[in-house]
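Fold and geometry: a report
The primary structure of each chain is shown beneath.
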Amino acid sequence: MSVGIVGGGVTGLATHHYLREAGVESVVFEADGEPGGVIRSRTVEGRVLDLGPQRTRLTPSIRELIEAVGLDSELREADDPPLYVYHHGKLRRVPQTPREAVTTDLLSWRGKLRALAEPLTDSAEEGETVEEYLTRKFGSEVARYYFGPLYGGIYGSHPGEMPVERSLAKALAGAGIEGSVLISVARKVLAGREAPPIVSFDDGLQRLPEALAEAHAETVRLETPVREVRRDGPDGERAGEDSQFVVETPDGETVVDELVVTTPADVTADLLAALAPESAAALRELNYNPQAVVHLHSDADLTGAGYQVQYDEAFRTLGVTWNAGLLDRDGVYTCYLGGARNPGLVDRSDDRLASVAVAEFEEITGASARPLSVHRLRRGMPAYDRSWSALDRVSTPEGVRLATNYTARAGIPGRIREAKRVAGELADRRGKSTEASTATV
Ligand SMILES: Cc1cc2nc3c(=O)[nH]c(=O)nc-3n(C[C@H](O)[C@H](O)[C@H](O)COP(=O)(O)OP(=O)(O)OC[C@H]3O[C@@H](n4cnc5c(N)ncnc54)[C@H](O)[C@@H]3O)c2cc1C
């Protein structure tokens with residue numbers, strides 16, 4: 001085999017797909033019995049529940065992948081519905097247009113006027129946190145009640161603990177925003193550029209990794225955890241085969257020329273411990289935020305994508321996705337609890353987590369609810385907090401590439417973008433070409 005890919009989450013499977021499209025031999029080793037990693041869908045009482053991510057944006061690359069694996073007919077598209085922040089006793093609509101920015105009750109008039117001074121401020125300073133950066137740019141109201149909860153809330157981190165260069169700077173660069181945020185956004189609005197639509201599939205988001213694994217079933221090895229990765233023997237016993245790495249799994253050894261590692265940082269640290277001990281030690285320092293995901297059923301007729309809870313509020317809920325309204329999922333609401341503020345919460349019993357989610361949902365929305373399922377992600381979202389400065393000490397040995405949410409962005413579009421880039425580089429080295437190696441991704 002030419003390329004060994006460790007991990008059959010969406011990154012590993014997309015990398016595999018692009019490599020195979022380019023005619024590069026590769027094999028995926030996945031520890032679990034099913035593909036998808038944190039993307040996991042289940043059906044409970046006939047309702048589709050997603051245990052990790054709830055949706056993705058249908059970027060051109062994701063649309064192509066969906067077409068390539070024949071999932072078009074299962075696609076479920078959402079409008080771009082309103083989003084809310086719970087702050088000071090009620091759900092307040094997040095402004096998405098200039099007109100809503102004027103009328104929103106999330107900010108005072110003073111806060112709104114202060115935000116208009118943003119084009120006069122400088123770009124991010126070295127060592128600045130997301131909260132410091134947003135406060136300096138937009139004023140404290142916009143930082144604390146608008147961008148802060150929307151950005152930090154996604155990761156379960158406090159913006160005051162997130163260095164800009166490890167987090168928001170990458171998101172802004174990815175969105176093509178340079179210099180003034182307000183001016184860049186205004187230019188996009190004037191040019192009529194819209195974000196790609198929000199999508200999932202009839203049977204949940206896991207259909208994408210499932211279909212990728214099905215399309216390449218003979219080279220995706222499920223229930224095959226990689227135990228060790230080492231350089232080929234110094235005695236040259238395999239030198240004639242022109243190979244570089246031995247991948248050890250319970251099924252035996254596989255020899256590959258190059259490796260793509262897509263596992264969470266602690267697993268990668270174990271796998272690289274012998275090959276790159278200093279990088280492995282640094283990877284062990286990266287914090288992930290533990291989260292509990294509690295699905296509720298409610299007859300609440302809420303129109304929108306959901307809400308984030310402003311982080312000064314006395315709730316343990318980070319945010320709730322309104323799957324019912326967003327993706328037409330019969331009465332389903334998904335609550336995320338825990339994060340950096342409450343890391344120990346995931347260790348509580350299912351009953352306790354369910355009762356916290358129900359009580360807080362009922363208090364915030366005024367609608368009654370009952371639990372459907374409780375799921376835990378102990379190393380769920382990358383925290384992108386100060387511990388991530390350890391990444392400066394990570395370098396991979398020749399022949400090993402990382403494609404992960406610590407080498408690029410966490411969202412599914414970002415994962416696919418990185419998979420395409422890495423596959424393009426590997427194909428180029430072999431004189432093959434993927435679409436990625438001939439086009440800008
Ligand atoms: C709670 C949550 C909500 C999210 N919400 C969204 C969202 O709404 N929209 C969005 O775009 N993104 C969202 N994301 C981000 C996105 O889902 C993830 O970043 C992405 O799915 C990660 O995919 P991956 O393949 O890089 O990693 P993973 O999914 O972590 O895959 C790594 C794989 O490696 C396997 N593995 C581990 N150890 C071994 C081993 N020793 N040998 C072989 N295999 C091994 C694992 O089983 C796993 O399958 C969310 C993430 C989380 C956690």
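1. Thoughts on the overall build of the protein
When its secondary structure is counted, the protein shows 15 helices and 20 strands. Taking 441 residues into account, the globule formula puts the C-alpha radius of gyration at 22 Å, and the protein, at 22 Å, falls close to it. The principal-axis extent of the C-alpha atoms belonging to the protein is close to 75 × 55 × 40 Å. For the protein, buried positions account for 54% of its 441 residues.

2. Considering the sheet that holds strand E11 (residues 228–231)
The strands making up a sheet associate through hydrogen bonds between their backbones, and the pairing can be parallel or antiparallel. Spatially, E11-E12-E13 is the arrangement adopted by the 3 strands of the open sheet, whose pairing is antiparallel. One side of each edge strand has no neighbouring strand; the edge strands of this open sheet are E11 and strand E13 (252–256). Across the sheet, the mean angle separating the axes of adjacent strands is 25 degrees when strand polarity is ignored. With 5 bridges joining them, strand E12 (residues 245–249) and E13 adopt antiparallel strand pairing. Following the sheet pairing, Glu248 is matched in E13 by Glu253.

3. Topic: the site of the ligand
Taken together, 33 residues sit near the ligand, with Thr11, Glu30, Arg55, Ala410 and Ile412 positioned nearest. Within the backbone of Gln54, an N or O atom sits 3.5 Å from an oxygen atom of the ligand. Between Ala410 and the ligand, the recorded distance is 2.5 Å, taken from a backbone N or O atom to an oxygen atom. Of all elements in the fold, only helix H1 (10–21), strand E19 (369–382) and helix H14 (412–429) reach the threshold of two or more residues within the shell around the ligand.

4. Considering the pairing of strand E8 (residues 90–93)
Direction of pairing for strand E7 (residues 83–87) relative to E8: antiparallel, over a ladder of 4 bridges. For His87, the partnering residue across the bridge sits in E8 and is Lys90. Taking the residues that link successive antiparallel strands as the turn, the E7-E8 hairpin has 2 residues, and the phi of His88 there is positive, at about 55 degrees.

5. So, the side chain of Asp50
Mapped onto the secondary structure, Asp50 falls in strand E4 (residues 47–50). Of the side chains with opposite charge, Arg329 comes closest to the buried, unpaired Asp50, at an N-O distance of 4.4 Å. At a separation of 3.2 Å, a polar atom in the side chain of Asp50 contacts the main-chain amide nitrogen of Leu205.

6. Remarks on the domain arrangement of the protein
What the domain assignment lists for the protein is domain 1 (3–39 + 56–78 + 200–286 + 386–438), domain 2 (94–190) and domain 3 (289–382). A separation of 33 Å is found between the C-alpha centroids of domain 1 and domain 2. Across the contact, 7 residues belong to domain 1 and 9 residues belong to domain 2. Counting the surface lost from both domain 1 and domain 2, the interface buries some 680 Å², and carbon and sulfur atoms represent 47% of this. Area buried by domain 1 at its contact with domain 2 is led by Arg386, Trp388 and Arg409, which between them contribute 69% of it. There are 2 salt bridges connecting domain 1 and domain 2. For Arg166, the salt bridge goes to Asp392, with nearest N and O atoms at 2.6 Å. In this structure, the connection of domain 1 to domain 2 is made through 4 residue pairs in polar contact (both at pLDDT 80 or more). Along the lines of polarity and charge, the residues of the side of domain 1 that touches domain 2 split into 3 nonpolar, 1 polar and 3 charged.

7. Points about the layout of surface pockets
In this structure, the second largest pocket spans a volume of roughly 250 Å³. If you trace the second largest pocket, you find 11 residues lining it, with Gly174, Ala408, Arg409, Gly414 and Arg417 closest to the centre. Within the residue set of the lining of the second largest pocket, elements represented by two or more residues are helix H7 (168–174) and H14. Looking at the lining of the second largest pocket residue by residue, the class counts come to 3 nonpolar, 3 polar and 5 charged.

Parameters and conventions
- Residues numbered from 1 in each chain as written.
- Predicted model: local features only at pLDDT ≥ 70, side-chain atom pairs only at ≥ 80, totals over all residues.
- Heavy atoms only, no water.
- Helix = DSSP H or I, 4+ residues; strand = E, 2+ residues; numbered from the N terminus.
- Rg over C-alpha atoms; globule rule 2.2 N^0.38 Å.
- Buried < 20%, exposed > 50% of the residue type's maximum accessible area, 1.4 Å probe, protein only.
- Pairing = 2+ DSSP bridges.
- Axes fitted to C-alpha atoms, helices over the stretch in contact; angles between N-to-C directions.
- Near = heavy atom within 4 Å.
- Polar contact = N/O pair within 3.5 Å; in protein donor to acceptor, adjacent residues only side chain to side chain.
- Lys, Arg positive; Asp, Glu negative; His and termini not counted.
- Salt bridge = Lys/Arg side-chain N within 4 Å of Asp/Glu carboxyl O.
- Domains from an automatic or database assignment.
- Contact = heavy atoms within 4.5 Å.
- Buried area = accessible area lost by both parts, 1.4 Å probe.
- Nonpolar A, V, L, I, M, F, W, Y, C, P; charged D, E, K, R; others polar.
- 1 Å grid on protein atoms, 1.4 Å probe; cavity = no way out; pocket = protein on both sides within 12 Å on 5 of 7 lines; lining within 4 Å.
- Points joined across faces, edges and corners; volume = space filled by probe spheres on them.

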